[in-house]
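So the chains spell out like this:
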Amino acid sequence: MICLGIEGTAEKTGIGIVDSDGNILATCGDQLYPEVGGIHPRDAAEFHAQHIVPLIQDALSESNLTLEDIDLVSFAKGPGLGPALRTIATAARSLSQNLNVPLIGVNHCIGHVEIGKLTTGATDPVTLYTSGGNTQIISYEAGRYRIIGETLDIAIGNCLDQFSRDIGLGHPGGPIIEKHALNTDDVVELPYVVKGMDLSFSGILTSAISKYKKGVPLDVICNSFQQTCFAMLCEVTERAISYTNKDEVLLCGGVAANKTLRLMLKEMCDEHYVDFYMPPMKYCGDNGSMIAQVGLLAYDEKLTGIKNSYINPKYRTDQVPVTWIDHDFK
Ligand code: ATP
Ligand code: FE2
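The text that follows walks through the structure, step by step, so that each part is easy to find. Residue numbers restart at each chain and count upward from 1, following the sequence in its written direction. For this description, chains carry letters from A and ligands carry numbers from 1, given in the order in which they are written. Only residues with pLDDT of at least 70 are given local features in this predicted model, and only at 80 or more are side-chain atom pairs given and counted; all residues enter the totals for whole chains, interfaces and linings. Excluded from the side-chain calculation are hydrogens and water; included are all heavy atoms of the structure.

### Concerning the coordination of the iron ion (ligand 2)
- Each metal site lists N, O and S donors within 2.8 Å (3.2 Å for Na, K and Ca). With water left out of the atoms, a site can look as if it is missing ligands. Protein coordination of the iron ion (ligand 2) is provided by His 108 (NE2), His 112 (NE2), Tyr 129 (OH) and Asp 286 (OD), with donor distances spanning 2.1 to 2.5 Å.
- One chain supplies every donor for the iron ion (ligand 2), spaced along it as H-x3-H-x16-Y-x156-D. Of this pair, His 112 sits in helix 3 (residues 108-120) while Tyr 129 sits in strand 6 (residues 126-130); the two residues are 17 residues apart in sequence, bridging distant segments of the chain. Secondary structure elements follow DSSP: runs of H or I no shorter than four residues count as helices, runs of E no shorter than two count as strands, and numbering proceeds from the N terminus.

Written out as structure tokens, the structure reads:
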């Protein structure tokens, strides 16, 4: 079976084509870069509307397939921005109707985990999913991907982006902050907020902006930002390994591009004799192939069709019955 997946939960439009033997046949995407400020949901929706059709054409030519070869259409139902989700759901509905093939809506966060497993060979990892809109520690347990830790307020990527925008460095902030952070080893104290398995980033954001405005050099603030946020992520991931007794860690989401974060996590994993995995960057950030892969895994006639194709902007990772993993598998 060949599935075409449509991603568009935020500002990235992604089309992926994957087959049920686990071959990724095409991954095409484009991203909205706002001229000022953050992402407006209406602009993201408009961007998807303009890019979905050309990207489908790109994906077909990348895979040497035609529309007639597609057996299943999947799309991200959520979590994400309402207008963006409605646009990709509409595109997915029309495509499936036109091709007369089944349609299935899937969970975006589970897409990150499953494409991570497919592209790295990890089998049962503790996943650290760090992006602009999400920060979750995910682990499979008894029929669900459980969120065993998450941010209580904003996501790590959003925190980096907002800091960068507020002090006039531009968007997206992650790569800009990483560049400045590498210029120094000095740090100043920022609020370190881990509550059990959960994290909070909003206090760090306020404090970093205030310290920068009081004269702490930019490089030092950026380094402190990274050291504090990433140490928090390492702490909860470390506790997740100990709690679940798993021996694999999978890092995914756009913030995985950060070399300091990778090094810190890898070091922590080495100390515990745990294997550290990270997909190629193309599959770390939002992409259509992760949606196609979950479409194939979750495919069940009962879940398909227009009546099931509603969107859910607050779709939780642990709301999805994971039917494709053997319950006895540990
Ligand atoms: P999601 O819908 O899953 O929340 P997203 O729309 O945020 O995803 P991604 O590509 O997964 O998209 O992640 C983008 C985030 O990654 C941005 O917040 C950006 O600042 C951050 N990022 C990108 N490169 C780096 C880097 N080198 N260091 C830290 N953060 C980075
Ligand atoms: Fe994502």
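### Considerations on the pattern of salt bridges
- Salt bridges are identified by distance alone: a Lys or Arg side-chain nitrogen within 4 Å of an Asp or Glu carboxyl oxygen. A complete count under the given rule lists 7 salt bridges for this structure.
- Asp 318 is the salt-bridge partner of Arg 316, the closest N and O atoms lying 3.7 Å from each other.
- Think of it in three bands: residues with accessible area under 20% of the maximum for their type are buried, residues over 50% are exposed, and the middle band is partly exposed, with areas taken using a 1.4 Å probe on protein chains only. Overall, the relative accessible area of 26% leaves Asp 318 in the partly exposed class.
- What you see here is one network of salt bridges that share partners, running through Glu 150, Arg 316 and Asp 318.

### Observations regarding the environment of Thr 123
- With respect to the element layout, Thr 123 can be found in the loop between helix 3 and strand 6.
- Counting along the chain gives 37 residues from Thr 123 to Leu 160, while the straight-line C-alpha distance between them is 31 Å.

### Quick word on the sheet that holds strand 11 (residues 248-252)
- Only strands joined by at least two bridges in the DSSP assignment are considered to pair. Judged by pairing direction, the sheet is mixed, and its 5 strands sit side by side in the order 8-7-6-11-12 without closing on themselves. Strands with a single pairing partner mark the edges of an open sheet, and in this sheet they are strand 8 (144-150) and strand 12 (275-277). Averaged over all pairs of adjacent strands, the angle between strand axes in this sheet comes to 25 degrees, irrespective of strand direction.
- Pairing geometry for strand 7 (residues 135-141) and strand 8, over 6 bridges, is antiparallel. Each residue of the ladder has a partner; that of Ile 137, found in strand 8, is Gly 149. Fitted lines through C-alpha atoms serve as axes, helices being fitted only where they are in contact, and the angles separating the N-to-C directions of these axes extend from 0 to 180 degrees.

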